[in-house]
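# Overview (structure and organization)
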Amino acid sequence: MSKHFEIIVGTMLGAAEYVADAIAEKLDASGHTHTIHAEPNLDEIKTESTWIVCTSTHGAGELPDNIQPFAKQLESADLSAVNAYVIGLGDTSYDTFCFGAKEMEKHIKNAGGTLITDALYIDVLEHPIPEDAAVEWFDEKLANA
């Protein structure tokens, strides 16, 4: 059965966008549809679709600039209809490893959304091509969905 996914991207240097594109290709191959949101705006994202949030962490543990307004929108949103996956990219040499993804998880839960499974935190030191780790993880989740 085909499902629609909303892929929400938080990126500064493009790595999370590469992950989103790789996940989108996986969805295409599996017969699902998707919309990628590189400048996410809650008004344009279907809450009845499954969300996949792919975000890096920037600076001292902040969300990337492009996803900060979206995160602010979530503070007053009703996400009770939302089921979401979260994929975080980070570097374990920083004590703020994947804080961007953790912040998005918090926003989704606080607004009543449901995380389908524990988030995937990708250490770019261990996985220099993070999209490979993300697709492998998501493939398993999609098969069990």
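As recorded by an unreviewed UniProt entry, the protein chain carries the name Flavodoxin-like domain-containing protein and is attributed to marine metagenome.

## Observations regarding the environment of Ser30
Turning to its location among the elements, Ser30 is positioned in the loop between α1 (15-29) and β2 (33-37). Its relative accessible area of 34% is what places Ser30 among the partly exposed residues. Between the C-alpha atom of Ser30 and that of Ile8, which follows or precedes it by 22 residues, the distance is 19 Å. Looking at Ser30, its side chain comes within polar contact range of the main-chain oxygen of Lys26, at 3.0 Å.

## Details of the UniProt feature "domain: Flavodoxin-like" (unreviewed entry) in the protein chain
In this structure's numbering, the residues bearing the UniProt feature "domain: Flavodoxin-like" (unreviewed entry) are residues 5-142. In this annotation, residues 5-142 is assigned 34% helix and 23% strand; the end-to-end C-alpha distance for the span is 11 Å.

About the thresholds
- Residues numbered from 1 in each chain as written.
- Predicted model: local features only at pLDDT ≥ 70, side-chain atom pairs only at ≥ 80, totals over all residues.
- Heavy atoms only, no water.
- Helix = DSSP H or I, 4+ residues; strand = E, 2+ residues; numbered from the N terminus.
- Buried < 20%, exposed > 50% of the residue type's maximum accessible area, 1.4 Å probe, protein only.
- Polar contact = N/O pair within 3.5 Å; in protein donor to acceptor, adjacent residues only side chain to side chain.
- UniProt positions renumbered as here; feature names shortened; annotations may be inferred.

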